[in-house]
Amino acid sequence: MRHIFKEGTNPNKPVLLLLHGTGGDENGLVQLAEIVDPEASYLSVRGNVLENGMPRFFRRLAEGVFDEEDLIFRTKELNEFLEDASKEYKFERQNIVAIGYSNGANIAASLLFHYKDALKGAILHHPMVPRRGIGLPDLIDTKVFIAAGTNDPICPQQESEDLKQLLEAAGASVDVHWENRGHQLTMNEVQAAKQWYEQNL
């Protein structure tokens, strides 16, 4: 997978896995990593799927309707990429914290839904529930921050509430931050994510 890896100044910090939204690329969320933890290493990845020329992490059938078969395949692909990257760049596989926005937040949530210990934690900006009706792995000790908009036309409030409940039922610790905004990524929620990260990770 196309990516950027930048080694941080503090090897004890988590590696921040940056996962862009539709139409973004591996450069898009670098600024977020530098705000959330300027000492941490980051691994920023470009999605392998194109939708009308725009990179994504998995296919969808329509707005808000995921191609589940492709989601499962791409989640496995990303998980295996993280295994390989941890060896190549010599970081601890168990010490990855995802920062994802929209489609990137959805693939990060899918990692949590499908693979135990895939992520130590996750900051999910405007995520949806990746899959319903499946058993989740044991997520004890996994910490998750969800930033959501009360007026988000793409990701209704109930999606964030449902995602929180499903993750908590699997043992994760989940905090939700609400913005009175739409689907856009705001500096307010980035600062809230930074504060949460400093307190929890």
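For the structure given in this document, a descriptive report is provided here. Per chain, residues are indexed from 1 in the order of the written sequence. Totals for whole chains, interfaces and linings use all residues, but because this is a predicted model, local features are given only for residues with pLDDT of at least 70 and pairs of side-chain atoms are given and counted only at 80 or more. The basis for the side-chain values is all heavy atoms of the structure; hydrogens and waters are excluded.

Where helix α2 (residues 68-88) meets helix α3 (residues 103-114), the closest approach of the two axes is 10 Å, and the angle between their N-to-C directions is 85 degrees. Judged on the interaxial angle alone, α3 and α2 are roughly perpendicular. Side by side, α2 and α3 meet where Leu71, Ile72, Arg74, Thr75, Leu78, Asn79 and Leu82 of the first sit next to Ile107, Ser110, Leu111 and His114 of the second. For helices, the fitted axis covers only the stretch in contact; all axes are lines through C-alpha atoms, and the angles between them, taken along N-to-C directions, range from 0 to 180 degrees. For helices the rule is a DSSP run of H or I covering at least 4 residues; for strands it is a run of E covering at least 2, with both sets numbered from the N terminus onward. Roughly parallel here means an angle under 35 degrees, roughly antiparallel means over 145, roughly perpendicular means 65 to 115, and every remaining angle is called oblique. The contact criterion used throughout is that any non-hydrogen atoms of two residues lie within 4.5 Å.

Take the side chain of Thr142 next. The topology assignment puts Thr142 in the loop between β9 (121-125) and β10 (143-149). The buried label applies to any residue whose accessible area, calculated with a 1.4 Å probe on protein chains only, is under 20% of its type's maximum; exposed applies above 50%, and partly exposed to all values in between. The buried category is assigned to Thr142, whose relative accessible area is 6%. Excluding its chain neighbours within four sequence positions, the residues that come into contact with Thr142 are Leu112, Leu119, Lys120, Gly121, Ala172 and Ser173.

Taking 1.5 Å of rise per residue, 14 residues should cover 20 Å, and helix α5 (residues 187-200) covers 20 Å from first to last C-alpha, within 8% of that figure. In this fold, the buried residues of α5 make contact with β2 (15-19), α1 (30-36), β9, β10 and β11 (173-179). Given the number of residues in a helix, its expected span is that number minus one, multiplied by 1.5 Å.

It is worth spelling out the pairing of strand β8 (residues 96-101) at this point. The element β8 is largely enclosed, with a buried count of six among its six residues. Covered by surrounding structure in β8 are Ile96, Ala98 and Gly100 together with Val97, Ile99 and Tyr101, the residues of both alternating faces. Where β2 meets β8, five bridges bridge the pair, whose relative direction is parallel. In the sheet register, Leu19 faces β8, and the bridge partner there is Gly100. Pairing analysis gives five bridges linking β8 to β9, with the strands arranged parallel. Residue pairing for β9: Tyr101 is matched across the bridge by His125. In this view, the connection linking β8 to its parallel neighbour β9 by way of α3 has right-handed handedness. In this description, strands pair whenever DSSP reports at least two bridges between them. Crossovers are marked right-handed if the path from the first strand over the helix to the second runs clockwise, as seen with the strands pointing away from the viewer.

A few words on the nonpolar core. The nonpolar core is taken to be a set of buried Ala, Val, Leu, Ile, Met, Phe, Trp, Tyr and Cys residues, with the residues joined through side-chain atoms within 4.5 Å. One finds Leu17, Leu19, Leu43, Leu119, Leu124 and Leu167 to be the most contacted residues of the largest nonpolar core, which totals 39 residues. Broken down by secondary-structure element, the contributors of at least two residues to this core are β2, β3 (42-45), α2, β8, α3, β9, β10 and α4 (157-169). The element contributing the most residues to this core is α3, with seven residues. Ignoring anything within four residues of it in the chain, the contact list for Leu167 reads Leu112, Phe113, Leu136, Leu139, Val144, Ala172 and Val174. In this structure, Leu16, Tyr101, Val190 and Trp196 belong to the second largest nonpolar core, which totals 21 residues.

Attention now moves to the packing of aromatic side chains. What describes a pair of aromatic rings is the distance from one ring centre to the other and the angle between the planes of the rings. Under the pairing criterion, centres of Phe, Tyr and Trp rings, with the six-membered ring standing for Trp, must be within 6.5 Å; the plane angle then separates stacked pairs below 30 degrees from edge-to-face pairs above 60, leaving the rest tilted. On inspection of all chains with the given rule, the structure shows four aromatic pairs. On the numbers, 5.8 Å between centres and 15 degrees between planes, the contact of Phe5 with Phe91 is stacked. Pair noted here: Phe5 is in strand β1 (residues 3-6) and Phe91 is in the loop between α2 and β8, with a separation of 86 residues, a long-range link. Summarising the aromatic geometry, the rings of Phe145 and Trp196 are spaced 5.6 Å apart at their centres and angled 40 degrees between planes, so their arrangement reads as tilted. One end of the pair, Phe145, is in strand β10; the other, Trp196, is in helix α5, and 51 residues separate them in sequence. The class of Phe145 is buried, set by a relative accessible area of 4%. Connected via pairs of aromatic rings, a cluster forms that spans Phe5, Tyr89 and Phe91. One Lys or Arg, Arg56, reaches over the ring of Phe58 and ends 5.3 Å from the middle of that ring. Only lysine NZ and arginine CZ atoms are considered, and such an atom sits over a ring when it is within 6 Å of the ring centre and within 35 degrees of the ring normal.

Bear in mind that shape data such as this cannot, by itself, settle questions of function.
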